[in-house]
Amino acid sequence: MAEGHSHSPHLAHHFDSMEQQRESSSLGMWLFLAQEVMFFGGMFVAYAMYRFKYPEAFAVASGHLNIGWGAFNTAVLICSSLTMALAVRSAQLGDKKKIIQFLIATMLLAGVFLGVKGIEYTDKYHHHLVPGPSFEYTPDFDKYTVPVTAETAHPNFTGHVQLFYSFYFVMTGMHALHMVIGLGLMIWLIVKAKRNQFSTEYYAPVEMTGLYWHFVDIVWIYLFPLLYLVWRH
Amino acid sequence: MSEHGQPHISPLKTYYSVFGALMALTFVTVWVAFFDLGAFNILVAISIASFKAYVVVLYFMHVKYSPKIIGLTATAGFIWLLLMLALTVADFASRGWLPQGQPW
């Protein structure tokens, strides 16, 4: 930097240009997201194996999830992805006011999602469907048109149903934890935006949080059909 | 990135179209789940979810307008997931194919 030419105050000394800096932060974020794919992937693979092993138990268990809440939350999360994408676009255009407005909209939608999740968890708690010593399940095959097979007659059928709920709580719980972290990141972004720390050439934190948020949306895009839509016909 | 190294700014129309497609596909995935397609129910559900994930990655996450290395990283994450799934399924499905001796 001894040449004396002017460069952005946001340019860290180990980068040649803002473009290189921008691409590096994107690449780093994508590497983190690839790692996140593996983190959630382990759970998805385990889910796939047990669903393959106990298809009837998973079908019966999934029948107790409320498809309306699940679909509603999917829509809410897609809306929040849109508002987040618009927040990033506002950052690209340097519109500070809109960045904050769209971030607040995203946070409100995230709050709705987590609220619905709370209603669902409470309902499962009241119906003794939380895995543990008080787990109780009485099969009602007529309701779910699941054929009575060797598996449904298995003495530990309730245990297999409980397994589905273990997956349900761990996977949706980890997903919800990611959303709470996202909420924290958005509060941080709003503070930074209010302090005028973003400009059209530096808005990497907004963009990277956006990538994170869309990733969380994608996880739910898979969780919804896998958990709620197992055996609905 | 454009030729001048400036980030691509998508028009609003792109975001609203992607949003509309995602909402429509959510409706379709619920609707189709109520038909008995046998083993194809899960296949259709996963295909729709994957298509939704694909448009989110391309347009909301800007991979379409990013350097190739970003697309490569995104694809690598997906391929590694498929590897994990494929090897686990191969192990799970092939157990009992060979006669087993007594465990040590």
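Whatever comes next refers back to the structure up there.
These notes cover the structure that comes with them. Note that the coordinates shown come from a computational prediction; the quantities given were computed from them, not determined experimentally. (Residues numbered from 1 in each chain as written. Chains lettered and ligands numbered in written order. Predicted model: local features only at pLDDT ≥ 70, side-chain atom pairs only at ≥ 80, totals over all residues. Heavy atoms only, no water.)

### Let's talk about the overall build of chain A
Part 1 of the argument: A tally of helices and strands in chain A yields 7 helices and 0 strands.
Part 2 of the argument: Its helices and strands taken in sequence order, chain A reads α-α-α-α-α-α-α from the N to the C terminus.
Part 3 of the argument: Computed over C-alpha atoms, the radius of gyration of chain A comes to 22 Å, more than 25% over the 17 Å expected from 2.2 N^0.38 for 233 residues, which places it beyond the range of a compact globule.
Part 4 of the argument: On the principal axes, the C-alpha backbone points of chain A span a range of 80 × 30 × 30 Å.
Part 5 of the argument: Expressed as a percentage of its 233 residues, the buried residues of chain A come to 52%.
Part 6 of the argument: In chain A, once contacts between residues fewer than 6 apart in sequence are set aside, the share between residues at least 24 apart is 81%.
Part 7 of the argument: Separation between the mean location of the 14 positive side-chain charges and that of the 16 negative ones in chain A comes to 9 Å. (Helix = DSSP H or I, 4+ residues; strand = E, 2+ residues; numbered from the N terminus. Rg over C-alpha atoms; globule rule 2.2 N^0.38 Å. Buried < 20%, exposed > 50% of the residue type's maximum accessible area, 1.4 Å probe, protein only. Contact = heavy atoms within 4.5 Å. Lys, Arg positive; Asp, Glu negative; His and termini not counted. Charge placed at Lys NZ, Arg CZ, Asp CG, Glu CD.)

### Brief notes about the packing of aromatic side chains
All names here are of chain A.
Part 1 of the argument: For the coordinates displayed, the defined rule picks out 24 aromatic pairs over all chains.
Part 2 of the argument: Relative to Phe-58, the ring of Tyr-47 has its centre 5.6 Å away and its plane inclined at 55 degrees; by these criteria the two rings are tilted. Residue Tyr-47 is located in helix H1 (residues 18-53), and its partner Phe-58 is located in helix H2 (residues 55-62); the two are separated by 11 residues in the primary sequence. Judged on exposure class, the residue Tyr-47 and its partner Phe-58 are both buried.
Part 3 of the argument: Between Tyr-47 and Phe-167, the aromatic rings sit 5.9 Å apart at their centres with planes inclined by 90 degrees, giving edge-to-face as the arrangement. Of the two residues, Tyr-47 sits in helix H1 while Phe-167 sits in helix H6 (residues 157-194), which places them 120 residues apart along the sequence. For the pair Tyr-47 and Phe-167, one class covers both residues: buried. (Phe/Tyr/Trp six-rings, centres within 6.5 Å; stacked < 30°, edge-to-face > 60°.)

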